[in-house]
Structure formats: C-alpha cells, structure tokens
Amino acid sequence: MIMMPRRAVRRLLLSIGATLASAWAVPVSAGPLTYEQAVRLAAANAPSLKARAAATAGARSSAVAADRLPDPTLDLGLQNFPVSGPNAGSFTRDDFTMATIGFSQTFPNLAKRHARAARAAADIGIAEAGELVEGRNVRLETALAWVDLYYGERRLRQLDLLDASLDDLQKTVTARLASGSARPSQALEPDQLRAAIADRRAEMAAVVAQARARLARYTGDPDPQATGDPPMLDVDPIRLRAEIDALPALRAQDARIAVAEADVRLARADKRPDWKVGVTYGRRDPMYGDMASVGVSIDLPLFAGKRQNPRIAASESLAQGGRFDREAIRRELVAQLDADLADHAMHLSRLRNARETLVPLARHRAELDRDSYGAGKLDLGAALLTTLGLAEAEVEALNREADVARDAVRITITYGEERP
C-alpha cells in the first residue's frame, strides 16, 4: 500500500511544477563544446528528457491515490410518494411518504487495493525506465554527433593543407613553362586537382553541417563547435557482458513484466467480494415520525468460471509473454554486443594499419616523387597523383580513427557507462 504524508505530496506537486516550468526556459551556452560538455548540456536541455521526467512525475503523483477508498456518495430521494388513489399528489396524507438523505461508501476488498498499489508502483517503474532509455539515447546521439563534427572538421583542415601545398607545385610549373621544359597543358593539372579537392571539400562540409545540426538538436546550442580532444573510452568486454542485465532496455522490460504481474493480482482480486455501506435518514410528517435506515451491499462473484477466471488466464499469459520477451531482448543485446565488439576490433586493426603502414608509405612515396619532379625525372601528373594519394591516405586514416571513436562511444553508452 502506498502512503505519502501531506508534506511529501506537496513537495511532489512543487517538483512537477518546477519541471514543467523549466521546460519553457532553459539557458543554453553557446560556443566551443568539449565532448563532456556537449553530453552534459544535452542531458540538461533535451526536450525529450524533460517529457520523460514529466511522465515520471505524473506516475508518482497518480500513485498517491492508487489504493485509496473511492469517494463517498450522497443519496437524495423521495420515497413512497402517492401518485393515485385518494392521497395522490399529497406529501402529508400518506404516512409512508418521506424525503430521504443518505451517504454510502464503497469498500473494495483489500487484495484489490494492494494490487492497485502494486500496479501504480509498476507504472512508476515503466516511467523511470523510459526516462533511462531516453537519457541513454540522447547521450548516444549527442556523443556521435560530436565525434562526427570533430572528425569532419579535421578532414576539412586536411583538405585545406593539401590545397595549400599545391602552390609550390604551381610555382615550379610556371618556372618550367618559362624555360620551355614543360608542356603548356601541364599548367592546368594543379587546377584540375584543386577542383577535385573542392568537390571533396563540399561533400565534407555537408557532413560537418549535418553533424552540427544534430548536435544543436540535443544541446540547444544554435551553433555548436567541437573543441578539445575526442574521448578516450575504455572498452572492457568482460565488464560489459557482466552488466548486460542492468541495461535500461532490460530494466524497461522488467517494469513491463511487473505491470503484467500486477494485472494478474488485480484479476485475482476480482474473485473476492467488494462491499458497500449506506446510511439513510427519512424525513416524514411530524405526526408520523422520521425514519433511519442502514444497509450493506456485498458483491457476489458467483460466475468466476466465465468472468474472473478468463481474465486471470489472459493476464497470466501476458505476464508469461513479457518474460519470454525479456529473454529475447537479452539475447539480442548479447548478440549485438558481440557484433559491435567484433567491428571495433576490426576498426582498430584497420586504424593501426593506416597509421603504421599506409600513411608512412604514401608520405614517403610523395616525398620521393616530389624530389624526382624537382630534379626533372618525373612529370607533373605523376607527382600530383602521389600527392593526392598521400592526402587520401591521411583522410582515410582520419576516417578509420573516427570509426574507432564512434565504436567506443556506441559500445560504452549502449552497453555500459562512459569511463574516461
């Protein structure tokens, strides 16, 4: 049975008002955001989280009255008023005519009241679990948007460096054209490469704009900027597997199972009779005297086989189905975790290969071809291709680093807690 003192109820109502008021006016900070700042800002300003918090407060408020007695009933009436015969239409000629006033109170059986309290507590559990699930979703989407924005801007800077490096080659082309050692068509090759870089830069600028829009959606910052370093998150497969049962998705399913079990208790409680007490006072002509009545009404659940028992069986089936759903959800989460860990291991291997082999080889080849071009042993087109190859290798290394960071963020937030 849920019992709350008046002070607790008052504090609860005040907290609901504060929650609703804060949903309309929340100051947001603008400017550069580190990863941790972006996640904290989203947790404080995401409207969907405010909605879930309001739903939780509403469920707690509803639980206060869940097991209370229903309101009493005021009964007013006129009894035994003659409508035919010699006394028809008279309030005083018939000694049975009287005006009545009474009160009645229904008393649901105690099992039903306890079941309603359990159902209200389960509804609170569902609301709280929904708040946890939404909180994790907001943090995950915010974190991924920040990572995408951070690495998108780094890719843009890498393309800008490549574009600037073409100036030196352009100068050598001009000098060679003046000396007659280069074909006139070669003067167009740096500009062609710049055009290709401009196309890639336009694509990357769109990616950055999309990531910034996603980050603004959750943080409330109209123009968020990623600053600082990406998060260094520890992916611990053993710990993540051990904590799988504490995930919000499973906690939400546990809350749904609790609701189904409370419904079973409610259905079983219908087999117990409720009762009702009524008191009536009848006012008659003074010469006859007033009258008082007391009555008790009791429900008679005599046909349980066709009424209560089918509802009990249906509620039990739903509860059992919820337990099977929980096991299915758990197996799916375990499978998803294993798949995500495999992807993370693959992305780590690809990142190491890029950093230790692909980028160093591309850089060394570009340096050799640049020297060969300076010595007149290589044409400009080949030198530009190796320069472009180096830029592609460096951008691809950033792509692979972003994949690793996204994996770490997704795994730690989806299956555990971020631990820098």
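The chain is annotated in an unreviewed UniProt entry as Outer membrane efflux protein from Edaphosphingomonas haloaromaticamans. Recorded in UniProt for the chain, the comment headed Sequence similarities (unreviewed entry) runs: "Belongs to the outer membrane factor (OMF) (TC 1.B.17) family."

Before going further, it helps to spend a moment on the overall build of the chain. Across its full length, the chain carries nine helices and six strands. Buried residues in the chain amount to 38% of all 420 residues. Pairs at least 24 residues apart make up 82% of the contacts formed inside the chain by residues separated by at least 6 positions. For the chain, the accessible surface area stands at approximately 23500 Å², while carbon and sulfur atoms represent 57% of it.

So, on to the pattern of salt bridges. Following the criterion strictly, the structure yields 29 salt bridges and no others. Between E153 and R212 there is a salt bridge whose closest N-O contact spans 2.7 Å. Here the residue E153 occupies a position in helix α4 (residues 110-179), and R212 occupies one in helix α5 (residues 189-219), the gap between them amounting to 59 residues. R212 carries the same exposure label as E153, and that label is buried. In this structure, E401 and R355 form a salt bridge, with 3.2 Å as the shortest nitrogen-oxygen distance. One end of the pair, E401, is in helix α9 (residues 380-415); the other, R355, is in helix α8 (residues 308-374), and 46 residues separate them in sequence. Look at E401 and you get buried, because its relative accessible area is 16%. Taking relative accessible area as the criterion, R355 reaches 48% and is therefore assigned partly exposed. Bridged by salt links that share partners, the residues K112, D270, D274 and R311 form one connected network.

Let us now look at the confidence of the model for the chain. Here the chain averages 81 in pLDDT, and 83% of its residues register 70 or above. Every residue in residues 1-29 scores below 50 in pLDDT, and together they form 40 contacts with partners more than four places removed in sequence or on other chains.

Now for the nonpolar core. Of all hydrophobic cores here, the largest spans 37 residues; its most connected members are Y35, W146, Y151, L337, V409, I411 and Y415. Secondary-structure elements contributing two or more residues to this core are α2 (35-45), α4, α5, α8 and α9. At ten residues, α4 tops the list of elements feeding residues into this core. When residues no more than four places from it in sequence are discounted, the contact partners of I411 are V235, L240, L337, D340, L341, H344 and G416. With eight residues, the next largest nonpolar core counts L162, L193, I197 and V395 among its residues.

Tallying each qualifying case throughout the model produces four aromatic pairs. When the ring of W146 is compared with that of Y150, the centres are 5.2 Å apart and the planes differ by 10 degrees; the resulting orientation is stacked. Here W146 pairs with Y150, and both are found in helix α4, just four residues apart, close to one helical turn. The rings of Y35, W146, Y150 and Y151 are connected pair by pair, giving a single aromatic cluster.

Further remarks concern a nonpolar patch on the surface. There is a patch of nonpolar side chains on the surface, built from W275, V296, I298, L300, L302 and F303 and spanning about 690 Å² of accessible area. Looking at the element boundaries, W275 is found in strand β5 (residues 275-283).

Position of R326 among the secondary structure elements: in helix α8. We classify R326 as buried; its relative accessible area is 18%. Apart from the residues lying within four places of it in its own chain, the contact partners of R326 are D245, L250, Q253, D254 and I257.

Right, let's talk about the packing of helix α7 (residues 248-269) against α8 for a bit. Closest axis-to-axis distance for the α7/α8 pair is 8 Å, and the angle between their directions is 170 degrees. Classified by the angle between their axes, α7 and α8 sit roughly antiparallel to one another. Its residues placed into classes, the contact of α7 with α8 shows eleven nonpolar, three polar and ten charged.

Moving on: the pairing of strand β6 (residues 291-298). Burial within β6 is sparse, with just zero of its eight residues counted as buried. Where β5 and β6 come together, eight bridges link them in antiparallel fashion. Across the sheet, G278 pairs through a bridge with G295, a residue of β6.

Moving on, we get to the sheet that holds β6. Taken in spatial order, the four strands make up an open sheet running β2-β3-β5-β6, and their pairing is antiparallel. Each edge of the sheet is formed by a strand with only one pairing partner; in this case those strands are β2 (73-79) and β6. Each strand axis lies, on average, 20 degrees off the axis of its neighbour in the sheet, ignoring direction. Across seven bridges, β2 lies against strand β3 (residues 98-107) in antiparallel orientation.

With that settled, the discussion passes to helix α3 (residues 47-64). Its 18 residues give α3 an end-to-end C-alpha distance of 26 Å, which sits within 8% of 26 Å, the value for a rise of 1.5 Å per residue. Residues L49, K50, T56, A57, A59, A63 and V64 constitute the buried set of α3.

With that settled, the discussion passes to the side chain of E401. There is a polar contact of 3.3 Å between the side chain of E401 and the side chain of R154. Look past the residues within four positions of E401 in its chain and what remains in contact with it is Y151, R154, L351 and R355.

Each value, and the rule that gives it
Residues numbered from 1 in each chain as written. Predicted model: local features only at pLDDT ≥ 70, side-chain atom pairs only at ≥ 80, totals over all residues. Heavy atoms only, no water. UniProt positions renumbered as here; feature names shortened; annotations may be inferred. Helix = DSSP H or I, 4+ residues; strand = E, 2+ residues; numbered from the N terminus. Buried < 20%, exposed > 50% of the residue type's maximum accessible area, 1.4 Å probe, protein only. Contact = heavy atoms within 4.5 Å. Areas by Shrake-Rupley, 256 points an atom, 1.4 Å probe, with all protein chains shown as cover. Salt bridge = Lys/Arg side-chain N within 4 Å of Asp/Glu carboxyl O. pLDDT = per-residue confidence, 0-100. Core = buried A, V, L, I, M, F, W, Y, C linked by side-chain atoms within 4.5 Å. Phe/Tyr/Trp six-rings, centres within 6.5 Å; stacked < 30°, edge-to-face > 60°. Patch = residues over 30% accessible without salt bridge, like charges linked within 9 Å, V, L, I, M, F, W, Y side chains within 5 Å. Axes fitted to C-alpha atoms, helices over the stretch in contact; angles between N-to-C directions. Parallel < 35°, antiparallel > 145°, perpendicular 65-115°, else oblique. Nonpolar A, V, L, I, M, F, W, Y, C, P; charged D, E, K, R; others polar. Pairing = 2+ DSSP bridges. Expected span 1.5 Å × (residues − 1). Polar contact = N/O pair within 3.5 Å; in protein donor to acceptor, adjacent residues only side chain to side chain.

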